[in-house]
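Residue-level structure breakdown
Here are the chains, one letter per residue:
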Amino acid sequence: MASSPSFRRTNSAQKAGIWNGININSVFTGQTDFNTISPLNYNEISIRSGGGGVQYGSGAVGGSIHLNNTFSFEKIDSTKVELNYGSFSTVGGNANTTQTWGDHYLNVGMDFISSENDYDYVGKNQKNTHGEFLRFAAKVNEARRLKRGVATWNSEYTFNDRNFSGSLNTIGKDSYKDISTRNLWQLQQKVGLFNTKASVAHLFEQYRYFPDSEKSLYDEGRANTFIGSFQSEVLLQKKFRINGKAEYSYINAEGDNVGKNSRKTLAAVLLMNHKISDDFSYGINIRKEFLNDFDNPFLFSVDGK
């Protein structure tokens, strides 16, 4: 089925999925379906509960889930292969290798899981007969150490094919197939007092929805998202931390239910944190977006710790 978490009594469209700093909420649904996400693609997953609209856009007003690929230039020579089998004809496996040499880091992996998912309804003489699913995912994460910084590349591919289950009172008939690819190139450099990061990303998503899984009729949609950003951070007198970011995104999408449309967005973000003492600090954060479709409000937040 679909699985989209929500925080603080907000709905799932007010929670952002953040992949290595990039918002990956679907162009079509405005949310991230975590049944399409393979947790084995990442080596760090964290939850940020609380409003993050200034940092990550209005979709993060409830909170955000961060899927990160970290790297290290310490000596690593690690390979893992795993196969598993479980109830309801569930079969899965993954292979992952991480290698470092000199100033290079490389992580490559792939995994899959499939299941008939034909569980019994407890206390009833009925069985779920329309819950089959398959997920395949692959990833490449690469980093290279430079003289005063690091260049990285993160890439992943995911394919899902699933039938939507019915219930005790309804018969499941519909199914869903989707493909997503994500590529992110980043260059982190220290320039004087400033830590800078330039990013370029391309996200692709495509779905096909079958009202009847036994027939060939379907609705479909596809979208390409291009993102470019630059941010700079400076620490003054070990008390004031100022982080500025400019991000431009272009979305080109078409589908049976949305027609053919595009959106251009320019976002400017300024984050300031002042550490008054070891016991107290506060922050002031502002964001303004400019779109070709509609006007966006000025966002701000204030926090203390």
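Structural notes, computed from the coordinates. (Residues numbered from 1 in each chain as written. Predicted model: local features only at pLDDT ≥ 70, side-chain atom pairs only at ≥ 80, totals over all residues. Heavy atoms only, no water.)

**Here we look at the pattern of salt bridges**
A side chain of one charge can pair with a side chain of the opposite charge if their charged atoms are brought near each other. As enumerated under the stated definition, the model contains 12 salt bridges in all. For Arg-145, the salt bridge is made with Asp-103, and the minimal N-O distance between the two is 3.0 Å. Note that Arg-145 is positioned in strand 8 (residues 133-145) and Asp-103 in the loop between strand 6 (90-101) and strand 7 (104-115), a separation of 42 residues in sequence. Sharing partners across several salt bridges, the network here consists of Asp-33, Arg-162 and Asp-178. (Salt bridge = Lys/Arg side-chain N within 4 Å of Asp/Glu carboxyl O. Helix = DSSP H or I, 4+ residues; strand = E, 2+ residues; numbered from the N terminus.)

**Looking at the sheet that holds strand 8**
What the 12 strands build is an open sheet, ordered 5-6-7-8-9-10-11-12-13-14-15-16; its pairing is antiparallel. Each edge of the sheet is formed by a strand with only one pairing partner; in this case those strands are strand 5 (77-86) and strand 16 (299-304). The sheet shows a mean angle of 10° between the axes of neighbouring strands, taken without regard to direction. The pairing of strand 9 (residues 149-163) with strand 10 (residues 175-191) spans 15 bridges and is classified as antiparallel. When the bridges of strand 10 are listed, Val-150 appears paired with Gln-188. (Pairing = 2+ DSSP bridges. Axes fitted to C-alpha atoms, helices over the stretch in contact; angles between N-to-C directions.)

**Some words on the pairing of strand 1 (residues 15-19)**
Side-chain direction in a regular strand flips from residue to residue, so the side chains alternate between the two faces of the sheet. Among the 5 residues that make up strand 1, 5 are buried, leaving the element largely enclosed by the rest of the structure. Burial along strand 1 is two-sided: Lys-15, Gly-17 and Trp-19 facing one way and Ala-16 and Ile-18 facing the other are all buried. The pairing of strand 1 with strand 4 (residues 63-68) spans 5 bridges and is classified as parallel. Each residue of the ladder has a partner; that of Trp-19, found in strand 4, is Leu-67. (Buried < 20%, exposed > 50% of the residue type's maximum accessible area, 1.4 Å probe, protein only.)

**Structural notes on the sheet that holds strand 3 (residues 44-49)**
One open sheet holds the 4 strands; their spatial order is 2-1-4-3, and the pairing between them is mixed. At either margin of the open sheet sits one strand with a lone partner, and together these are strand 2 (22-23) and strand 3. Strand direction decides the pairing type here: strand 1 and strand 2, joined by 2 bridges, are antiparallel. Across the sheet, the residue bridging to Ile-18 is Asn-23, located in strand 2.

**Some details on the side chain of His-66**
Positionally, His-66 belongs in strand 4. A distance of 2.8 Å separates a polar atom in the side chain of His-66 from a polar atom in the side chain of Ser-64. Sequence-distant contacts of His-66, defined by excluding residues within four places in its chain, comprise Ile-18, Glu-44, Ile-45, Ser-46, Arg-48 and Tyr-56. (Polar contact = N/O pair within 3.5 Å; in protein donor to acceptor, adjacent residues only side chain to side chain. Contact = heavy atoms within 4.5 Å.)

**Focus on the environment of Lys-245**
Structurally, Lys-245 can be placed in strand 13 (residues 240-255). When the C-alpha positions of Lys-245 and Leu-270 are compared, they lie 6.5 Å apart, and in sequence the two are 25 residues distant. Beyond its immediate chain neighbours, meaning those up to four positions away, Lys-245 contacts Gly-21, Ser-229, Phe-230, Gln-231, Ala-267, Ala-268 and Val-269. A distance of 3.3 Å separates a polar atom in the side chain of Lys-245 from a polar atom in the side chain of Glu-247.

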